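Understanding the architecture of this molecule
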Amino acid sequence: MARQFFVLGIGGTGMRCIESLIHLCAMGMFDDTDIHLLALDTDKNNGNFSRLKEVKDAYCNTKGQDKANRVALKNSFFSANINYYEFSPNYEQKSTFKAVFNYGDTQYNHREETDLADLVLSENVEDFNLRHGYRAQTHLGSMMMYHSILEAAKSPANNELKLFLSELIRASQNGQPRVFILGSVFGGTGASSIPIIPQAISKAAEIMSNGAANVLRSAYFGSTLLTAYFSFRAPSGGELNNQKIIATSDKFALNSQVAMMFYDDDATVKSTYQKFYMLGTDNLSWNPMQRKEDTITQTITGGEQQKNDSHYIELLAACAALDFYNTDENQLQQNKDLHKTDYEYRAVSESGKLDFEDFVGKERAKEFAQKFGMLIAFSLFCNGKDDFVESVRSGGQKEIQEFVEMDITQAKSLREYFNLFFVKQVGDNLQEGWLRQIHRSAGGQDAFLFNANLFSPMTFKELMKMDWNKCIYRNEGIGKDNTYSKSGVLGFGSLFDPFKKQFIQTRDTTKEWQNLTNKGEQLYKLIFDTLAKLYKFN
C-alpha cells in the first residue's frame, strides 16, 4: 500500500513551494506515495494560485483523466499520486475584520470585546480589505485563519478542506501520518498560519469526527521557516491611503528576525512541531516581478497580477518536505515525546554554486541528479519536432505499436506539463517555465546544478540544435560522465535515433512496464528506464 503524506502550502510563497514539490513528484522523488496537497490562501484569485492549478492539472491528467484509476508507482516519472484540495476563507461578503467580527453589534452588546480588539489592532488593520491576504499583520491573520478553518469544519456544506481533513482523520486513526507546512515567516498568510495550523486542523478534525480523532497527538508535524528572499516596489502615499495596509519588502528582514525569535521561544510551537527547516538567502535582490516591471504601475497586493517568478529557495523548501518525509520515525517520535523541535539548516558554497547535495544531502544527491536530468531530457524529447510520445501514440513509429490506445488527453497534458516545467514554444521564441526561472534566480550561468548551455538557447531552433545528450550536466561533479553518443559518423547524426534504438531494446528485454495497466504510464516507465540506460546511471 502506498505511503500517505499530507502537505499544506500557505500563501503565495506556499503556492510556489507546492509547485516545486509537484516537479519533484514528476521526477520520481516521491515514489509509491499518495500525496494530499492542500493549497490554502485568503486570495483565491492570486496568480500563483492559478499557476499552481495549471501545473497540478497537467500532472494529474498526465496520469489519466479518471481520478479513481490514478495510483502511485515506483521507479518512473509522475510516480506519486497527487490528491489536490484548496481552501480560501470567504471574504467576499464580509471583507474586513470589522465586518467579520460584526463590530457594530458587538460594540453595543459586548463593549469589552471591541475594546480589546481596539487595543491590539489599529484602525487601519481593522478596516483593510482581507481579500488579498493578511498583509504581514500576523496578529490578525492567525486569529482569522484559525477560526476560518474551524468554521469550515462545522459547516454542513461540503468543502475541500473537509475532504482533506477526512483523509487526515483516516490516516491518524490507522497510524501516525506526517504533515508538512510550506510557507514563509515574513509575509502575511503563511506567517499567520504556520504557528496555528497544527492546532487548527487538529481541532477541526476533532469537530468532524465527534471527538474520535486526535491529529495533534498522532501526527508528526514539520515546516519551513522561510525568511525573506525577494523584494518589490514600494507603494506610493496614495496607494497606502487607499489600501489602508500594504506589506512592504523593506520590513521583510525585520519581520523574519522577529519571527525567528518567536519560533525559538514559543513553548506551544515547540510542542507541536518535530522539525523546522530554516531557509533564506543572504540578500533581497531577487525581484519576482522583474519581467513585468515595465507594465506594473502600482504595488501588487494580490489578485491575478500577482504571479511571481519561481526561485530556487522554493525548490529547497520542497526538498525539505522530502527530507521530512524520509526522516526516521524513531527520531520524530522521540522529539514528540520530549516536546523537542529539531532545527535543520544547510549552508551552501561560498562560491554561490548550488550542487545537488545542497538540496537533498550527500546520500540522495546522485538519485536527485539522475531523476532531475532525466526529466529534462524527457521534456526535450517531447518539446521538439520529434515529439516522441505523440508520435508513438498516433502510430507514427512503425516499430512501436503498443501505445496507440493511449488516451490523447494524456499526451496533450504531458506537453502542457513540460511547457510549464522548462520552456514553451511561442512562434520561434521560448517562454520561460519553472526550471528557467529558478536557474535565473540562482544567478544564471553554471550556478544552478546543470550545464549553462542548457539555458542559453533563446529560440526554438537553437534549442533543437543543442546537443543535450552531452550538455545537461556540468563538466564537474555528479553527472559529468553521464552522457551518450549521437548516431552517425563522428557523432554528427540524430539524438533521436539512439534514444529510439535503446527504447526498443528496453521494451523487449524488461517486464516491469507490462505490469502497469495505463498505456500512458507504461510509456513513461519505458522512457524512464531508457534514459537511465542512455545516461549510464544503471
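Note that the structure is predicted; figures quoted are calculated from it, not measured.

In this section: the packing of aromatic side chains. Under the defined criterion, the tally for this structure stands at 40 aromatic pairs. Seen from their ring centres, Phe-388 and Phe-499 are 4.9 Å apart, and the 90° between their planes marks the pair as edge-to-face. With Phe-388 in helix α19 (residues 388–393) and Phe-499 in helix α24 (residues 496–509), this residue pair connects regions lying 111 residues apart in the sequence. Between Tyr-484 and Tyr-535, the ring centres sit 5.3 Å apart and the planes meet at 85°, which makes this aromatic pair edge-to-face. One end of the pair, Tyr-484, is in the loop between α23 (468–471) and α24; the other, Tyr-535, is in the segment after α25 (519–534), and 51 residues separate them in sequence.

Attention now goes to the pattern of salt bridges. In a structure, side chains of opposite charge can pair up when their charged atoms sit close to one another. Under the criterion given, the structure shown has 28 salt bridges. A salt bridge links Glu-206 to Lys-203, with the nearest nitrogen and oxygen atoms 3.6 Å apart. Placement of the pair is Glu-206 and Lys-203 together in helix α10 (residues 197–208), with a separation of three residues, close to one helical turn. For Lys-353, the salt bridge goes to Asp-446, with nearest N and O atoms at 3.1 Å. Of this pair, Lys-353 sits in the loop between β7 (342–344) and α17 (356–360) while Asp-446 sits in the loop between α21 (434–441) and α22 (460–465); the two residues are 93 residues apart in sequence, bridging distant segments of the chain.

What follows is about unusual backbone geometry. Positioned with a positive phi, Phe-78 is a non-glycine residue whose angle comes to about 55°. Topologically, Phe-78 is positioned in the loop between α2 (47–63) and β3 (81–87). Phi is positive for Asn-210, close to 55°, though the residue is something other than glycine. Looking at the element boundaries, Asn-210 is found in the loop between α10 and α11 (215–218). Owing to a relative accessible area of 75%, Asn-210 belongs among the exposed residues under this scheme.

By size, the foremost hydrophobic cluster in this structure holds 110 residues, and its most contacted members are Phe-368, Phe-372, Phe-378, Phe-448, Phe-450 and Leu-531. Ranked by the residues each element gives to this core, the list is headed by helix α15 (residues 312–326), at 12 residues. Counting residues in hydrophobic clusters, the runner-up holds 35 residues, among them Ala-153, Ala-171, Ile-194 and Val-215.

The next point concerns the packing of helix α1 (residues 11–27) against helix α18 (residues 365–381). Two elements in contact, α1 and α18, have axes separated by 9 Å at closest approach and are oriented at 95°. As far as their axial angle goes, α18 and α1 are roughly perpendicular. Counting all contacts with α1, which are made through His-23, Leu-24, Ala-26 and Met-27, the residues of α18 involved are Phe-368, Lys-371, Phe-372 and Leu-375. In terms of residue class, the contact of α1 with α18 is built from six nonpolar, one polar and one charged.

Moving on, we get to the sheet that holds β7. If you walk across this open sheet you meet the seven strands as β3-β2-β1-β4-β5-β6-β7, and the pairing is parallel. The outermost strands of the open sheet, each flanked by one partner alone, are β3 and β7. Direction aside, the axes of adjacent strands within the sheet are offset by 20° on average. Examined bridge by bridge, strand β1 (residues 3–10) and strand β4 (residues 178–182) share four bridges and lie parallel to one another. Opposite Gly-9, over in β4, you have Leu-182 as the bridge partner. Strands β4, β5 (220–226), β6 (275–279) and β7 of the sheet are contacted by helix α16 (residues 329–338), whose axis makes an angle of about 85° with β5.

Before going further, it helps to spend a moment on the side chain of Thr-33. Looking at the element boundaries, Thr-33 is found in strand β2 (residues 33–40). Reaching out from Thr-33, the side chain makes a polar contact with the backbone oxygen of Phe-30 at a distance of 3.3 Å. Beyond its immediate stretch of four places on either side in the chain, Thr-33 contacts Ala-2, Arg-3, Phe-5, Ala-72, Ala-80, Asn-81 and Tyr-325.

Looking now at the packing of α1 against α2. Where α1 contacts α2, the two axes come as close as 9 Å, and the packing angle between them is 15°. By the angle between their axes, α1 is roughly parallel relative to α2. For the crossing formed where α1 meets α2, the hand is left-handed. Listed contacts from α2 to Gly-12, Met-15, Arg-16, Ile-18, Glu-19, Ile-22, His-23, Cys-25 and Ala-26 of α1 are Asn-48, Phe-49, Arg-51, Leu-52, Val-55, Lys-56 and Tyr-59.

Parameters and conventions
Residues numbered from 1 in each chain as written. Predicted model: local features only at pLDDT ≥ 70, side-chain atom pairs only at ≥ 80, totals over all residues. Heavy atoms only, no water. Phe/Tyr/Trp six-rings, centres within 6.5 Å; stacked < 30°, edge-to-face > 60°. Helix = DSSP H or I, 4+ residues; strand = E, 2+ residues; numbered from the N terminus. Salt bridge = Lys/Arg side-chain N within 4 Å of Asp/Glu carboxyl O. Buried < 20%, exposed > 50% of the residue type's maximum accessible area, 1.4 Å probe, protein only. Core = buried A, V, L, I, M, F, W, Y, C linked by side-chain atoms within 4.5 Å. Axes fitted to C-alpha atoms, helices over the stretch in contact; angles between N-to-C directions. Parallel < 35°, antiparallel > 145°, perpendicular 65-115°, else oblique. Contact = heavy atoms within 4.5 Å. Nonpolar A, V, L, I, M, F, W, Y, C, P; charged D, E, K, R; others polar. Pairing = 2+ DSSP bridges. Polar contact = N/O pair within 3.5 Å; in protein donor to acceptor, adjacent residues only side chain to side chain. Left-handed = near helix turned anticlockwise from the far one by under 90°.

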